[in-house]
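# Tertiary structure, described
Spelled out from the first residue to the last, the chains are:
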Amino acid sequence: MSAPGQAVLLIGSPRGGRSTSAQLGEVLVAGLKKRGWTATTHVARTAIANTSSWSELERAAAAAELVIVATPLYVDSLPAPLIETFERLHALRRTATPPQAQRLIAVVNSGFPEASQNDTALAICRCFARRAGFHWDGGLALGMGGALSGHAITEHGRTHAVAAALHRAADELAAGGPLSAGAIQALARPMMPVWLYRLIAEVSFRIAAWRYGTRHLGARPYAREDD
Ligand SMILES: Cc1cc2nc3c(=O)[nH]c(=O)nc-3n(C[C@H](O)[C@H](O)[C@H](O)COP(=O)(O)O)c2cc1C
């Protein structure tokens, strides 16, 4: 077990603290804190919009041993505020790299059921880590993110497998190692059968549409070819 260190949780979701990304990241951070680590949390959207928040993030990222990026998948990529954060950090680190070794991991969640949807976004995080001088310690992917929205991740009930996978990942990170294939596979395991997730998503879409007074979900008003 390596000595407890300092971690930074960087939330890529524009939904900030209410996001599924924040929930996933906070469970990882709680696991590290249990082992004596300290951590600060930063929301990319807030940091790029506010000079003092950016300075705090910059300082924390320079002092950390471990950076945890927790983000949703947006159009097979990353949300714009997180991309800007990566660009700014990369530019800074071209002139000054902190003296201590630094590791970076990412946890990406998506709305589609398959965890593999997140592969490209994780590859973007890996490229950022390597080019900005962090050691890439691996990426966690989770599909069916919608199933976690608004639900606490706990050791009991239907989120227990997610909690167990994140606790395992936190143990590995606290021990100084990269994420294992076992932890990555455990988080990627579907939380429920795909057909059930699709059914719940379909019903939720219809209820949301009904609340907004929309009746024609399949409407394609600009699809006329004679226009
Ligand atoms: C603008 C936008 C683009 C999205 N693009 C994708 C996508 O390409 N694939 C996917 O599976 N989910 C996509 N989603 C769904 C989110 O990844 C999903 O709802 C996720 O759980 C949100 O996490 P958060 O609460 O951390 O923001 C998108 C959502 C939004 C708002």
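As a reminder, the structure under discussion sits directly above these lines.
Everything numeric in this text was worked out from a predicted model, so none of it was measured.

## Examining the site of the ligand
- Surrounding the ligand, one finds 15 residues, the nearest of these being Ser-13, Arg-15, Ser-21, Leu-73 and Asn-109.
- One of the side-chain nitrogen or oxygen atoms of Arg-15 is found 2.5 Å away from an oxygen atom of the ligand.
- A distance of 2.9 Å is found between an oxygen atom of the ligand and a backbone nitrogen or oxygen belonging to Thr-20.
- Relative to its free-state accessible area of 650 Å², the ligand is covered by the protein chains to the extent of 73%.
- Of the residues belonging to the shell around the ligand, the class tally is five nonpolar, eight polar and two charged.

## Some words on the side chain of Ser-19
- Along the chain, Ser-19 falls in the loop between strand 1 (6–11) and helix 1 (20–34).
- A distance of 2.6 Å separates a polar atom in the side chain of Ser-19 from the backbone oxygen of Gly-16.
- Apart from the residues lying within four places of it in its own chain, the contact partners of Ser-19 are Ile-11 and Ser-13.

## Section: the side chain of Thr-85
- In this fold, Thr-85 is placed in helix 4 (residues 80–95).
- For Thr-85, a relative accessible area of 0% corresponds to the buried category.
- A polar atom in the side chain of Thr-85 sits 2.8 Å from the backbone oxygen of Pro-81.
- Not counting residues within four places of it along the chain, the set of residues in contact with Thr-85 comprises Leu-10, Ala-44, Ile-48, Trp-54 and Leu-57.

## A word on the nonpolar core
- Among the nonpolar cores identified, the biggest contains 37 residues, and Leu-28, Val-162 and Leu-166 are the most heavily contacted of them.
- Where this core is concerned, the elements lending two or more residues are strand 1, helix 1, strand 3 (66–72), strand 4 (103–109), strand 5 (135–142), helix 6 (160–174) and helix 7 (181–188).
- Broken down by element, this core gets its largest block of residues, eight residues, from helix 6.
- Leaving out residues up to four positions away in the same chain, Val-162 has contacts with Leu-24, Leu-142, Leu-148, Ile-153, Leu-187 and Met-191.
- Formed by 29 residues, the second largest nonpolar core is a distinct cluster that contains Ala-61, Leu-82, Ala-115 and Leu-122.

## Concerning unusual backbone geometry
- The phi dihedral of Asp-76 falls on the positive side, at around 60 degrees, and the residue is not glycine.
- Inspection of the secondary structure puts Asp-76 in the loop between strand 3 and helix 4.
- Overall, the relative accessible area of 46% leaves Asp-76 in the partly exposed class.
- Phi is positive for Met-144, which is not a glycine, with a value near 60 degrees.
- Mapped onto the secondary structure, Met-144 falls in the loop between strand 5 and helix 6.

## Focus: empty space enclosed by the protein
- Applying the stated criterion across every chain, the model contains one cavity of 30 Å³ or more.
- Estimated volume of the largest cavity: approximately 30 Å³.
- Val-8, Leu-10, Leu-57, Ala-61, Val-67, Leu-89, Leu-104 and Phe-134 are the residues that line the largest cavity.
- Its residues placed into classes, the lining of the largest cavity shows eight nonpolar, no polar and no charged.

## Here's the deal with the environment of Ser-19
- Residue class for Ser-19 comes out buried when judged on its relative accessible area of 1%.
- On a C-alpha basis, the gap between Ser-19 and Val-69 in space is 13 Å, while along the polypeptide they are 50 residues apart.
- A polar side-chain atom of Ser-19 sits 3.0 Å from the main-chain amide nitrogen of Ala-22.

Analysis parameters
- Residue positions are given per chain, counted from 1 along the sequence in the order it is written.
- Reporting in this predicted model follows two pLDDT cut-offs: at least 70 for local features of residues, and 80 or more for side-chain atom pairs to be given and counted; totals over whole chains, interfaces and linings ignore these cut-offs and use all residues.
- With hydrogens and water excluded, all non-hydrogen atoms of the structure serve as input to the side-chain values.
- The nearness test applies per residue and asks whether one of its heavy atoms lies within 4 Å of the molecule or strand.
- For the purposes of these results, a polar contact is taken to be a pair of N or O atoms within 3.5 Å, where, inside protein, one atom must be able to donate a hydrogen and its partner to accept one; residues adjacent in sequence count only when each atom of the pair is a side-chain atom.
- With residues, only the protein chains shown are counted as cover, and all accessible areas are computed by Shrake-Rupley using a 1.4 Å probe.
- Residues are grouped as follows: Ala, Val, Leu, Ile, Met, Phe, Trp, Tyr, Cys and Pro are nonpolar; Asp, Glu, Lys and Arg are charged; every other residue, Gly included, is polar.
- Each helix corresponds to a stretch of at least 4 residues labelled H or I by DSSP, and each strand to a stretch of at least 2 residues labelled E; elements are numbered beginning at the N terminus.
- Note on contacts: a residue pair qualifies if any of its non-hydrogen atoms lie within 4.5 Å across the two residues.
- Only protein chains enter the area calculation, which uses a 1.4 Å probe; residues under 20% of their type maximum are buried, those over 50% are exposed, and those in between are partly exposed.
- By nonpolar core we mean a set of buried residues, namely Ala, Val, Leu, Ile, Met, Phe, Trp, Tyr and Cys, connected to one another through side-chain atoms within 4.5 Å.
- Definitions used for this entry: grid spacing 1 Å over protein atoms alone; cavity, a set of points where a 1.4 Å probe fits but cannot get out; pocket, an open set with protein on both sides within 12 Å along at least 5 of 7 lines; lining residue, one with an atom within 4 Å of a point.
- Grid points are joined across faces, edges and corners, and a volume is the space filled by probe spheres set on the points.

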